Every structure is written in structure tokens, then in C-alpha cells.
Amino acid sequence: MKEWDNVEILLVEDNLSDAELTVRALRGIGVTQKVLRLADGAEALDFLFRKARFAERDHVLPKLILLDLKMPRVGGIEFLQRLREDSATVNIAVAILTSYALEKIPLEGQALDVHEYLLKPVNPEKLVALVKFAGLL
């Protein structure tokens, strides 16, 4: 089995420290599902749509995507736009991970069916509600 099969939570975060803190927060609230961290939106789109190195992965889509906004190559807003354009991925629960206050998030990102905006470091109570919404707790 490949490391990217049966992924239930996709963490798209270019900062390794922020990614580790988020995974630690997930484990701290009792999440045992497989989490895959990818470093940017381009890589995450390849994963979701089974392209490039992910072409042979299983067909299972994650139930939850934790998405940083500011990333190289393909940023969070562009990733979300492409995610919401495809009928196979339109209903995946997405939470934005940000260091910015909500009012600083670009307007186009606020209209893309985001379930939650989580300030870094992630608040465990908000994370519990989000994971329950995605059906993972």
C-alpha cells in the first residue's frame, strides 16, 4: 500500500512547523485517521485528481482538507477554485488555516464554500467541531 492510499485528511501546508503543530493538534483530539501533508496547492491538486506521481493511488478522496492560503506555485484560493469546479471534489469539507484575521482573507476566498477558518496555531475546540462535521470523530 502506498503512503497516499486511504487518506482521510489532506493537510496542504508549506510550513513544516505549522504542519507538525496541526497534526499534533489532530492527534491530541483523538483523530486516528490517515493524514497526508503536501507542501503546496499544485501537489494537492495532483493528489486529488490522480496525476503525476499520484496517478496510481486509490480512488478514495479525503473527507477533510486543511488548507493554508499562502503557498508557492498554487495558492489556497486558486486551489479552492479548482476544487469547487469539479463535481467529484465539490463537497469535500475544507478549512482554511491562516495566520491572518478573517477580514484580511481575500473576498474571493470567502465565497468558495469553506466550512471553517482556523487561526494558527489551531484551536482544539474548533478542530473537534470541524472533524466531527467531516464525519471523522
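Higher on the page you've got the structure.
What follows covers the overall build of the protein. Along the protein, the regular secondary structure elements total five helices and five strands. Seen in sequence order, the protein has helices and strands lined up from the N terminus as β-α-β-α-β-α-β-α-β-α. Expected size for 137 residues packed as a compact globule is a radius of gyration near 14 Å; at 14 Å, the protein falls within 12% of this value. On the principal axes, the C-alpha backbone points of the protein span a range of 40 × 35 × 25 Å. Counting the 137 residues in the protein, one finds 47% classified as buried. Residue pairs at least 24 apart in sequence account for 64% of intrachain contacts in the protein once pairs closer than 6 positions are excluded. When the accessible surface of the protein is split by element, carbon and sulfur atoms take 51% of a total near 7,000 Å². Charged side chains in the protein number 18 positive and 21 negative. The centres of these two groups are separated by 2 Å.

Side chains three or four residues apart in an α-helix point the same way, a direct result of the helix having 3.6 residues per turn. Among the eight residues of helix H2 (residues 41–48), seven are classified as buried, and the element is accordingly described as predominantly covered. The complete set of buried residues in H2 reads Gly41, Ala42, Glu43, Ala44, Leu45, Phe47 and Leu48. Along its buried surface, H2 packs onto strand S1 (9–12), strand S2 (35–38), strand S3 (64–68) and helix H3 (76–85). At the N-terminal end of H2, a side-chain oxygen is found 2.9 Å from the backbone nitrogen of Ala42, two or three residues along, and the residue is Asp40. In the stretch just after H2, Arg50 is the one whose phi turns positive, near 55 degrees.

A word on the pattern of salt bridges. Proximity of charged atoms lets side chains of opposite charge pair with each other. Here the structure, examined in full by the defined rule, presents nine salt bridges. For the salt bridge of Arg53 with Glu43, the shortest nitrogen-to-oxygen distance reads 2.4 Å. Taken together, the residues span a long stretch of sequence, with Arg53 in the loop between H2 and S3 and Glu43 in helix H2 at a distance of 10 residues. You can call Glu43 buried: its relative accessible area is 17%. Among the charged side chains, a salt-bridge network with shared partners connects Glu13, Asp18, Asp68 and Lys120.

This next bit is on empty space enclosed by the protein. All chains considered together, the criterion is met by one cavity of 30 Å³ or more. Reported here for the largest cavity is a volume of approximately 30 Å³. Considering only residue class, the lining of the largest cavity consists of three nonpolar, one polar and two charged.

Our next topic: the sheet that holds S2. Judged by pairing direction, the sheet is parallel, and its five strands sit side by side in the order S2-S1-S3-S4-S5 without closing on themselves. The open sheet has two free edges, formed respectively by S2 and strand S5 (116–119), since each of these has just one partner strand. The sheet shows a mean angle of 20 degrees between the axes of neighbouring strands, taken without regard to direction. Contacts between helix H1 (residues 16–28) and the sheet are confined to S1, S2, S3 and strand S4 (93–98), with S2 contributing the most and set at about 170 degrees to the helix. Helix-sheet contacts for helix H5 (residues 124–133) involve S3, S4 and S5, and the interaxial angle to S5 is about 150 degrees.

Rules behind the numbers
- Residues numbered from 1 in each chain as written.
- Predicted model: local features only at pLDDT ≥ 70, side-chain atom pairs only at ≥ 80, totals over all residues.
- Heavy atoms only, no water.
- Helix = DSSP H or I, 4+ residues; strand = E, 2+ residues; numbered from the N terminus.
- Rg over C-alpha atoms; globule rule 2.2 N^0.38 Å.
- Buried < 20%, exposed > 50% of the residue type's maximum accessible area, 1.4 Å probe, protein only.
- Contact = heavy atoms within 4.5 Å.
- Areas by Shrake-Rupley, 256 points an atom, 1.4 Å probe, with all protein chains shown as cover.
- Lys, Arg positive; Asp, Glu negative; His and termini not counted.
- Charge placed at Lys NZ, Arg CZ, Asp CG, Glu CD.
- Polar contact = N/O pair within 3.5 Å; in protein donor to acceptor, adjacent residues only side chain to side chain.
- Salt bridge = Lys/Arg side-chain N within 4 Å of Asp/Glu carboxyl O.
- 1 Å grid on protein atoms, 1.4 Å probe; cavity = no way out; pocket = protein on both sides within 12 Å on 5 of 7 lines; lining within 4 Å.
- Points joined across faces, edges and corners; volume = space filled by probe spheres on them.
- Nonpolar A, V, L, I, M, F, W, Y, C, P; charged D, E, K, R; others polar.
- Pairing = 2+ DSSP bridges.
- Axes fitted to C-alpha atoms, helices over the stretch in contact; angles between N-to-C directions.

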